[in-house]
Amino acid sequence: MNGVVEQHPAAMTYDQAVDKVRSAIEEEGLTQAKVAKELGIAASSLSQILNGSYQGSKTEMGAKLGQWLARRNRQHRATAVMPALPNYIETPTAVLVRGALDYAHLFQDISVVFSGAGLGKTTAAREYARRNTGNVFQVTVTPDCASAPVFLQEVGIALGLRDAPLHPAQLRREIVRRLRGSNGLLIVDEAQHLTVQALEAARSIHDLAEVGMALLGNAKVYERIHGANRQREDFAQIFSRIGRKLKLVRPKRGDIHEIAKGFGVEEKAAVAYLETIAEHPGALRGVVKTIRLAFVMAVGQQSEVRLHHLKAAWHNLQGDDALPAE
């Protein structure tokens, strides 16, 4: 970090720490609100510190400021050697996901995309939304927002609804009003967490707003709608409306090749090794994490990423149960 030298907090006086924090804010264009949040103090306290009117313990605050400066210095050094993650890599799997999203969007239908973790569904969906700003909205479901009322609140937030009503029926009507006529697409990621009632709420939004919808998740999202539950009345309404189903079993070889090329990994043996990593849980996510750590190792040796860097990185990430490092 420009103008900031890492020091042990005990070796830094309060005035030195304040000067360095002030310099960091000015040089990096940081907001006082962000710095105060990272320090764990009130924004008003930071303002007093910077203008010289702080009345609290300067010894304790000086140590806290010094720790923040040292932490940011370490982060900057790590970022300098860690390769930047490409914004988006057009893998064959990403093309398939985009096709399913495009189908739902163009025909105002429902697509279901399901697979194991780490195949890039979420990344592909984010890129699709980025390329189609204005009428593509993305919601990520977590276990704590799986019920219908909370799910509707999350959809309302994604749509930018302000002062939305809290009553689920009223909120659903506002959502439908916002989406109707938009020719849009609602992407629901991690949809396996949705309850039956939430799935029905999603289906009703699709029906009433005549909007495209994509349900992304693991195999459970489709198993619940299809599989053993196919004959259940609870799921009949949404099952009959699914227009396209995309099941992603494992990464394609082209996925690994495109990711390796995106990071500049060219050695054939290295790419082949990445293919073996992609067969493990986490799939493409594990490949990316391994490449990034291998880059750090290679930079330290002033070398391009080679097979031995990838082996060492994978072994480091996975521990004793990893593929052998040699």
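Going by the structure above, here's the rest.
Computed from a predicted structure; not experimentally measured.

**Re the layout of surface pockets**
Argument step 1. For the largest pocket, the calculated volume is near 730 Å³.
Argument step 2. What lines the largest pocket is a set of 29 residues, among which G118, G120, T123, R285 and V288 lie closest to the centre.
Argument step 3. Per element, the largest residue contribution to the lining of the largest pocket is 5 residues, and it comes from helix α14 (residues 283-300).
Argument step 4. Its residues assigned to classes, the lining of the largest pocket shows 11 nonpolar, 11 polar and 7 charged.
Argument step 5. Estimated volume of the second largest pocket: approximately 240 Å³.
Argument step 6. If you go around the second largest pocket, you meet 16 residues; those closest to its centre are R250, P251, A278, E279 and A283.
Argument step 7. Residues belonging to the lining of the second largest pocket are distributed by class as follows: 8 nonpolar, 3 polar and 5 charged.

**Quick notes on α14**
Argument step 1. Over its 18 residues, α14 runs 27 Å from end to end, which matches the ideal 26 Å to within 8%, given 1.5 Å per residue.
Argument step 2. Against α12 (253-263), α13 (268-277) and α15 (307-318) lie the buried residues of α14.
Argument step 3. Positive phi appears at Q302, one or two residues downstream of α14, with a value of about 55°.

Parameters at a glance
- Residues numbered from 1 in each chain as written.
- Predicted model: local features only at pLDDT ≥ 70, side-chain atom pairs only at ≥ 80, totals over all residues.
- Heavy atoms only, no water.
- 1 Å grid on protein atoms, 1.4 Å probe; cavity = no way out; pocket = protein on both sides within 12 Å on 5 of 7 lines; lining within 4 Å.
- Points joined across faces, edges and corners; volume = space filled by probe spheres on them.
- Helix = DSSP H or I, 4+ residues; strand = E, 2+ residues; numbered from the N terminus.
- Nonpolar A, V, L, I, M, F, W, Y, C, P; charged D, E, K, R; others polar.
- Expected span 1.5 Å × (residues − 1).
- Contact = heavy atoms within 4.5 Å.

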